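In case you want the letters, here they are:
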Amino acid sequence: MSEPKPLRFAAFVMNTTSHILHGAWRAPGARQTDFNSLQHWIDLAKTLEEARFDFVFFADVVGLYDDYQGDWKKFVDTGLQIPSNDPIVLASALASHTENLGIAITSSILQEHPFDFARKISTLDHASNGRIAWNIVTSLSQNAWRNFGYDGITAHDDRYAWAEEYVDVVYKLWEGSWDDGALIQDKASGVHADFDKVHKIHHVGDRYRVEGPHLVAPSPQRTPVLFQAGSSPTGRRFAARNAEAQFIVSPTPQAAKGLVDDTRRLAVEAGRDPQDIQFFQGLSFVIGSTEEEARRKAAELDEYIDPSTILAHSAGGLGLDLGFYDLDTPIGEIHTEGTQSTLLWLREAVPDREPTVRDLAELRSRSGRVVGTPEQIADRLAEWRDAGVGGINVINATIPGSYVEFAEHVLPVLRERGLAQHEYAPGTTRRKLTGRDRLPESHPAAAYRGAFAERVEVSA
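None of these values were measured; they are calculated from a predicted model. (Residues numbered from 1 in each chain as written. Predicted model: local features only at pLDDT ≥ 70, side-chain atom pairs only at ≥ 80, totals over all residues. Heavy atoms only, no water.)

(A) The UniProt feature "binding site: FMN" (unreviewed entry) in the protein chain, seen in detail. Here the UniProt feature "binding site: FMN" (unreviewed entry) sits at Asp-60, Thr-106, His-156, Tyr-160, Ser-231 and Ser-232. Structurally, the position occupied by Tyr-160 is in helix H6 (residues 156-176). Judged by its relative accessible area of 9%, Tyr-160 falls in the buried class. Leaving out residues up to four positions away in the same chain, Tyr-160 has contacts with Thr-138, Gln-228, Gly-230, Ser-232, Thr-234, Gly-235 and Phe-238. (UniProt positions renumbered as here; feature names shortened; annotations may be inferred. Helix = DSSP H or I, 4+ residues; strand = E, 2+ residues; numbered from the N terminus. Buried < 20%, exposed > 50% of the residue type's maximum accessible area, 1.4 Å probe, protein only. Contact = heavy atoms within 4.5 Å.)

Written as structure tokens, this is what we have:
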């Protein structure tokens, strides 16, 4: 058997103060409040690249989470992802100060027309020499949908049907609109591009009509590396068809193995190689030179963590105001069109009984936390790798502290054990991740290569 591959590492961040571990921004040394500063993000990107992280992974939202205890005051009071700046604006600056770090951007199907989005991503992929990734999301808050003119959130499965058309449009633009070799730029002849190798796509669907052509010539990756985070049955099928990397938040390696195996089974049903999807587990770390020191540091962190804000965040993702629910309300009594992965995660975390709202509040405040010495953390990460997890999305308590500590104390141990890379491989982010620059032929986007060579004239 071949040697297991090293884990991949992404820094899970957001262009805001309070992202996941709410309240931790108040801890000594935390600089999350500097999120408005471009230099703050440039410095972090340099730190991550020096540590040989694979990605800086930006989460994002385009609206507030749903009300908590009747209104949205809680979010403003605690900085729960408000203010929140657009991460895509940072990407070109981070690319100009790094050479190998992948830059993953979350963008919802709701927030931008696919034609314009495809153009921005191709431009960034050129500017970064092929280091852009896209985390595909469907937006789960009522406020986000109202911000874009809708009365409320579209039903869960309908959002994924929308997402399928959205990715279909961008795949056509990225993969099918320009043939290889179309851009000539011959000064002697004056021919800049070969007309016969540039095509309109003439997409007509339920939501979009896009004529094309794509206005950007093919970038180093054409299609960015594709992330997706849905763990519901519908989300998992979408990931199995489209994703190259799936962000998961399983409560245990055993639960992760079940999700990984099922998603890979679905990938085979979709005609893909099951190994073409890597899984990134979200974890945070409290590191000590001894186990006692690590536990002490975890207790100190808990003094800053705000469980009620974590509950407000989790509830908002569900599309419910859990502020009015009794803490002992069984989760089975709650129905929502919001994210189903939270409920699935909770049932996996409490497998022996019906979980309650109280369980959600208590478990979310410490979910995915690994406490111990570098050696103990390496032991734990080996268990995740053995379960089929290929990468870790490192959740921060403080920026830059969480990443500096991980780089200085944990990564050297991981490298000794073959759990982390020593150096970057050359080439684009997809080549570093998979050994190739472009999507494989089994990916649905590849079907559009050469698909528009025959000219089609469509009357207005």
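So, next bit.
(B) Main features of the pairing of strand S8 (residues 245-248). Along S8, one buried face is formed by Ala-245 and Phe-247 and the opposite face, lined by Gln-246 and Ile-248, is buried too. Across two bridges, the pairing between strand S7 (residues 225-228) and S8 is parallel. When the bridges of S8 are listed, Phe-227 appears paired with Ala-245. Remark: the S7/helix H7 (residues 233-242)/S8 crossover connection has right-handed handedness. In this structure, S8 lies alongside strand S9 (residues 278-287), joined through four bridges in parallel fashion. (Pairing = 2+ DSSP bridges. Right-handed = clockwise from strand over helix to strand, strands pointing away.)

(C) Main features of the environment of Phe-238. Looking at the element boundaries, Phe-238 is found in helix H7. Judged by its relative accessible area of 2%, Phe-238 is buried. Residues in contact with Phe-238, not counting those within four places in the same chain, are Ile-136, Tyr-160, Ala-163, Glu-164, Val-167, Gln-228 and Ala-243.

(D) The side chain of Thr-429, seen in detail. For Thr-429, the location among the structural elements is in helix H15 (residues 429-434). Sequence-distant contacts of Thr-429, defined by excluding residues within four places in its chain, comprise Phe-55, Gly-102, Gly-130, Arg-131, Gln-221 and Val-225.

(E) Seen up close, the pairing of strand S2 (residues 55-59). The buried count for S2 comes to five of five residues, which makes it a mostly enclosed element. Side chains of S2 alternate between two faces, with Phe-55, Phe-57 and Ala-59 and Val-56 and Phe-58 buried alike. Pairing geometry for strand S1 (residues 8-14) and S2, over five bridges, is parallel. For Ala-11, the partnering residue across the bridge sits in S2 and is Val-56. Following the chain from S1 across helix H1 (residues 38-50) to the adjacent parallel S2, one finds a crossover that is right-handed.

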